[in-house]
Every structure is written in structure tokens, then in C-alpha cells.
Amino acid sequence: MVDIYLPEFITQGSCDHPDLVHLISQWAISPAFKPSRQVFCLLGNEGCGKTQLAGNIMESFNQLGFLGAYFTFDLAQQPRGMTSKQLLDSLPVTVAHQLSSVIPDIASHVAQEIKNNAMIQYDASLDNKFERLLTKPLAEVAAARAKVTVKPVEPLIFVIDDLDKCTPEVLAKLLAFFKGVVFKNLPSYVRFLLLGRPSDLVDQGLKDVAFVHEMVPIFEPSLPFVPFSTRAQATSSSSSSQGVRISGGWSLGTPYTGKDKYDPSGHLHLR
């Protein structure tokens, strides 16, 4: 297990891309959101507002008790000498540990699994570790709560940050997990929000299993600025397939160049 802390930026109050915040919230919370997929991958280069957007979303989920766990592949937060492979190996037990603070009654089930399988944290199989430390404990808690008509916490959002800081080998192994049987056996209320920079490996690795959105920078010199007072008018005049980029009291006078529709590959674009 490694020590992971929520980024400090989640305490900031401003929020860019409010329409995208709404979309991700609908994906995470609404059972009516179709088609249903348990992974939303948010990609963006430096300066696009991804960090601030993700921070605001995590802050909201955390306050609601929906944030199951946060994990980052940023090696700068870990002891010197740690590799991204070692971080990947620690992902399941770290997530299970954080989840125990969100759902206290899952802690005993996780502890029992570790007691029964003392070497589980050294298991080379990511699937095995997630099966024993997440899927099985969640199922046991759900069964126990059903007997007293108490439902499990719904939803549970797990955020995995800095995918771009993984080595290609580690990233490929992580993405393979999201296409495997163990992931498919997780409860439908478990959702994963993935964050990183654009990558062909991510795009292809998550094909058919995730919504993928690549953000563009908030500030683009070629786009005219419009006074804040026109924001409501611009927003209300946009169709349901378009949104207006909002930034700190000013609205960019050009709607997204894409549409919030699902293309044949299953990717979601809102540029």
C-alpha cells in the first residue's frame, strides 16, 4: 500500500467547463444515463483545465460520500526509487484501504481476505488482487446489508490520475484490467474516472469499454471573448448537442466544435 492524498487543488472554488461537469456527474450518478459504461476517461494536455475540472468533481463526490478512492501514478509523491510498476502493484490494496474509510463495514471483509491470503499484495496478477480486495468484499457487504434492508453506498467513484506518467508496459496492463472478466464482475454502481494526457495507447486500450473525452485548452486566442452578461444567452441558445466553454466570469463566444453523441467506437466527444 502507498500513501495517496487528494490533490490540494480541490479546495479551489472556480469551475471551468460546467457542462462537462454536469455530464460526468450524470454518468456517475444517474442510472438512466445510457449507454451505461463504468469507465470515463478524461484526457487533456497542460493548460486545458483538466486538473481544475477533476478537482471540482472529486470535491463534490467526496462531500457526498461517493468518492471511493483516489490514486495517482505521479511518482513525485512517492519515495525515491519507486517505479510505476510498483505503484500499479499497490493499486488494489491502496484502493481497498481508502474504500474502508468510506464504507466502514467493508474493512473487516478486506482484512479477512488479507489474513486468508497473506501474500495477496505480492501477487503479480492485478485481476486476482482486485477480485479478492474489491469485488469479493463489496459482494459480501451487499449480501450482509440486504438482510437488514440496507443498500450499499451508491455510486462509488474511483479516480485514477496521471495515466500519462505510467510506463507503456504498466499502462497496457492497467488498461487490460478494464477489459477483463474481473472488472466486468464489479457491481454496476462502481465507476472509474481516469485522468491523463492524450495517448493512442489509452484511446485504443479503452475502446468499447469507456467514454473517452479529450479536452481542449480553455483559452484560445482565435476565439472571441464575450462579456459575462451574455453567458446565459449563449448557453440557452445552444442546442442540447453543444455547450459553451465558460471560464472565470467570461464566456468564449464559440460553442464546442463537437457534439455529445456516441460515435461507433463508443467514444464520447464534447470538444
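Bear in mind that the values here come from a model prediction, so they are computed numbers and not experimental data.

A short note on the overall build of the chain
Alright, step 1. Across its full length, the chain holds nine helices and eight strands.
Alright, step 2. Looking at the chain as a whole, 48% of its 271 residues are labelled buried.
Alright, step 3. Of all intrachain contacts in the chain linking residues separated by at least 6 positions in sequence, the fraction that spans at least 24 positions is 75%.

Observations concerning unusual backbone geometry
Alright, step 1. In this structure, Asp-162 is a non-glycine residue whose phi angle is positive, near 60°.
Alright, step 2. Within the secondary structure, Asp-162 is located in the loop between β3 (156-161) and α6 (168-177).

Quick word on the pattern of salt bridges
Alright, step 1. Per the counting criterion, the structure on display carries six salt bridges.
Alright, step 2. A salt bridge links Lys-165 to Asp-74; its shortest N-O distance comes to 3.5 Å. Of the two residues, Lys-165 is situated in the loop between β3 and α6 and Asp-74 in the loop between β2 (67-72) and α3 (84-102); the sequence distance between them amounts to 91 residues.
Alright, step 3. Lys-165 gets classed as partly exposed once you look at its relative accessible area, which sits at 38%.

Examining the confidence of the model for the chain
Alright, step 1. On average, the chain scores 74 in pLDDT, and the residues at 70 or more come to 71%.
Alright, step 2. Here residues 10-14 scores under 50 on pLDDT; set against residues more than four positions off or in separate chains, the count is 10 contacts.
Alright, step 3. Within the model, the stretch residues 220-271 combines pLDDT values under 50 with 97 contacts to residues more than four positions away or in other chains.

Focus on the sheet that holds strand β4 (residues 190-196)
Two modes of strand pairing occur in sheets, parallel and antiparallel, and in both the strands are linked by backbone hydrogen bonds.
Alright, step 1. Pairing is parallel across the open sheet formed by five strands, whose spatial order is β2-β3-β4-β1-β5. Each edge of the open sheet is held by one strand with a lone partner, namely β2 and β5 (211-214). Averaged over all pairs of adjacent strands, the angle between strand axes in this sheet comes to 15°, irrespective of strand direction.
Alright, step 2. With four bridges connecting them, strand β1 (residues 39-43) and β5 associate as parallel partners. Looking at β5, one finds that Phe-40 is bridged to Phe-211.

Topic: the side chain of Ser-100
Alright, step 1. As for its position among the elements, Ser-100 is in helix α3.
Alright, step 2. Residue classification places Ser-100 among the buried residues on the basis of a relative accessible area of 15%.
Alright, step 3. At 2.9 Å, the side chain of Ser-100 and the backbone oxygen of Ala-96 are in polar contact.
Alright, step 4. Sequence-distant contacts of Ser-100, defined by excluding residues within four places in its chain, comprise Ile-106, Ala-107 and Val-110.

Observations regarding the nonpolar core
Alright, step 1. Counting residues in each nonpolar core, the largest one holds 45 residues, and the members touching the most others are Phe-178, Phe-192 and Leu-206.
Alright, step 2. Within the residue set of this core, elements represented by two or more residues are β1, β2, α3, α5 (126-146), β3, α6, α7 (181-184) and β4.
Alright, step 3. Ranked by residues supplied to this core, first place goes to α3 with seven residues.
Alright, step 4. For Phe-178, the residues in contact, after removing those within four places along its chain, are Val-39, Ile-160, Phe-183, Phe-192, Leu-194, Leu-206 and Val-209.
Alright, step 5. Formed by 24 residues, the second largest nonpolar core is a distinct cluster that contains Ile-24, Leu-53, Ile-57 and Tyr-70.

Some details on the packing of aromatic side chains
Alright, step 1. Going through the model one piece at a time under the given rule, you end up with 10 aromatic pairs.
Alright, step 2. An angle of 70° between the planes, with centres 5.2 Å apart, marks the rings of Phe-71 and Phe-73 as edge-to-face. In this pair, the class of Phe-71 matches that of Phe-73, namely buried.
Alright, step 3. Three or more aromatic residues link up through ring pairs in this structure, and these residues are Phe-130, Phe-158, Phe-177, Phe-178, Phe-183 and Phe-192.

The rules behind the values
- Residues numbered from 1 in each chain as written.
- Predicted model: local features only at pLDDT ≥ 70, side-chain atom pairs only at ≥ 80, totals over all residues.
- Heavy atoms only, no water.
- Helix = DSSP H or I, 4+ residues; strand = E, 2+ residues; numbered from the N terminus.
- Buried < 20%, exposed > 50% of the residue type's maximum accessible area, 1.4 Å probe, protein only.
- Contact = heavy atoms within 4.5 Å.
- Salt bridge = Lys/Arg side-chain N within 4 Å of Asp/Glu carboxyl O.
- pLDDT = per-residue confidence, 0-100.
- Pairing = 2+ DSSP bridges.
- Axes fitted to C-alpha atoms, helices over the stretch in contact; angles between N-to-C directions.
- Polar contact = N/O pair within 3.5 Å; in protein donor to acceptor, adjacent residues only side chain to side chain.
- Core = buried A, V, L, I, M, F, W, Y, C linked by side-chain atoms within 4.5 Å.
- Phe/Tyr/Trp six-rings, centres within 6.5 Å; stacked < 30°, edge-to-face > 60°.

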